[in-house]
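As a plain string of letters, each chain reads:
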Amino acid sequence: METKLLMPTEAAIQEAARLLQAGQLVGFPTETVYGLGANALNEDAVRSIFAAKGRPADNPLIVHVADPAQLDHICEVTDTARLLISTFCPGPLTMLLMKKGTVPSVVTAGLPSVAVRIPSHPVARDMLAACQLPIAAPSANTSGKPSPTTAQHVLDDLRGRLPLILDGGECQVGLESTVLDLTSPIPTILRPGGITPEMLLTVLPEVKVADSILRPLMDGEKALSPGMRYKHYAPSGTLSMVKGKPENVANLILARAREAAAKGQAVRVLAFEEHLPLYEGVETVCIGSVENPASAAQRLFATLRQADDDHIPLLFSEVLPASGIGLAFMNRLCRAAGFTELDADAEAAK
Ligand code: TXA
Ligand code: MG
């Protein structure tokens, strides 16, 4: 199958809508990451999503709609959900609600709840409005790769497996949406994202954050969300996070880089703009300013993909405090690093 990459003109949006109505797959931009969409009410179309990604059938999908009114058709919309919709939607928030019989169980992997979201990206909204369907869409990467934040990433991963990708440029948030479980007595964040715990607490009296967000699942521990059970993306090289005072972090990394250089190994450092001068002689990638953690979130996946494309064997990354969008950034970084964190202050004190 030939995969077309189109700018999101009116004609391209209409073509996407026609394909979706005909049970085909479309790659499309959202404010978080690119999605791989199909008609959520068409079982065969949904199955083809799992096939194209190589995704395990027991990992459920998010259903995207243009308008909150469409949600009543697919799930039980609670008062809390209505409050969150009026405050944060359209936007990077996914809510777990009890599903209705209209949603085929292949979408939810047999679970009684369904994940729903109203994206804010104008191209996603135009496409959803044009097809007038709820669209099931996971991130448009092949399983085991980072979520795509450009149309080119989608093409790199899925060329030949879908007829059309809409090119909406770089995604603004760059990390997947916040997944909030509204079926538990206290709303619980299963996956942190652009809508932070702090933001949710401005309208909800209480929010829980699943405590496995910054640590690996323990032996025998049950994942709250099927997605947390799977091995997450990790770069092909070895990635270590380094925490501590910026000078100590840089010194530790420089020492490791010298050892690596002696063995002929290339090193790349993900560093904040303010710290770049500390890394003379080592290759750095700027992930934005410490003052603007959202920029680090936006660039993380593209930076990791690039490191793979460049076959970098050793990667080091500076870290952020795990608050605000920093929680989502650290959640993805921890997983990509297999939770390997070096303590530069402890090292310096030795
Ligand atoms: O930002 C996003 O959410 C992107 C864009 C395309 O909207 N989508 C995305 O989908 O990240 P995906 O499939 O890559 O991640 C969905 C996550 C998975 O971890 C899945 O296990 C979880 O949501 N999930 C979906 N339905 C669920 C359910 N009923 N119960 C628990 N977890 C669920
Ligand atoms: Mg995904």
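Note that the coordinates shown come from a computational prediction; the quantities given were computed from them, not determined experimentally.

Next up on the list: the domain arrangement of the chain. Domains assigned within the chain are domain 1 (4-214) and domain 2 (238-349). Between the C-alpha centres of domain 1 and domain 2 there is a distance of 30 Å. Counting residues at the interface gives 27 residues for domain 1, matched by 19 residues for domain 2. Of the roughly 1800 Å² buried at the junction of domain 1 and domain 2 (both faces included), carbon and sulfur atoms supply 59%. Summed over the three residues of domain 1 that lose the most area to domain 2, namely Pro-146, Leu-175 and Leu-214, the buried surface amounts to 35% of that side. Inspection of the region where domain 1 meets domain 2 yields 2 salt bridges. Counting every contact that joins domain 1 to domain 2 gives 11 residue pairs in polar contact (both at pLDDT 80 or more). Among the elements of the structure, α6 (151-158) and α7 (197-200) are those that each provide at least two residues to the side of domain 1 that touches domain 2. Residue classes in the side of domain 1 that touches domain 2 are distributed as 10 nonpolar, 11 polar and 6 charged.

It is at 8 Å that the axes of helix α1 (residues 10-21) and helix α5 (residues 122-131) come closest, and there the two elements cross at 55°. Between α1 and α5, the angle falls in the class oblique. By crossing handedness, the relation of α1 to α5 is classed as right-handed. Each of Ile-13, Gln-14, Ala-16, Ala-17, Leu-20 and Gln-21 in α1 lies in contact with α5, whose residues at this interface are Val-123, Asp-126, Met-127, Ala-130 and Cys-131.

Criteria and cut-off values
Residues numbered from 1 in each chain as written. Chains lettered and ligands numbered in written order. Predicted model: local features only at pLDDT ≥ 70, side-chain atom pairs only at ≥ 80, totals over all residues. Heavy atoms only, no water. Domains from an automatic or database assignment. Contact = heavy atoms within 4.5 Å. Buried area = accessible area lost by both parts, 1.4 Å probe. Salt bridge = Lys/Arg side-chain N within 4 Å of Asp/Glu carboxyl O. Polar contact = N/O pair within 3.5 Å; in protein donor to acceptor, adjacent residues only side chain to side chain. Helix = DSSP H or I, 4+ residues; strand = E, 2+ residues; numbered from the N terminus. Nonpolar A, V, L, I, M, F, W, Y, C, P; charged D, E, K, R; others polar. Axes fitted to C-alpha atoms, helices over the stretch in contact; angles between N-to-C directions. Parallel < 35°, antiparallel > 145°, perpendicular 65-115°, else oblique. Left-handed = near helix turned anticlockwise from the far one by under 90°.

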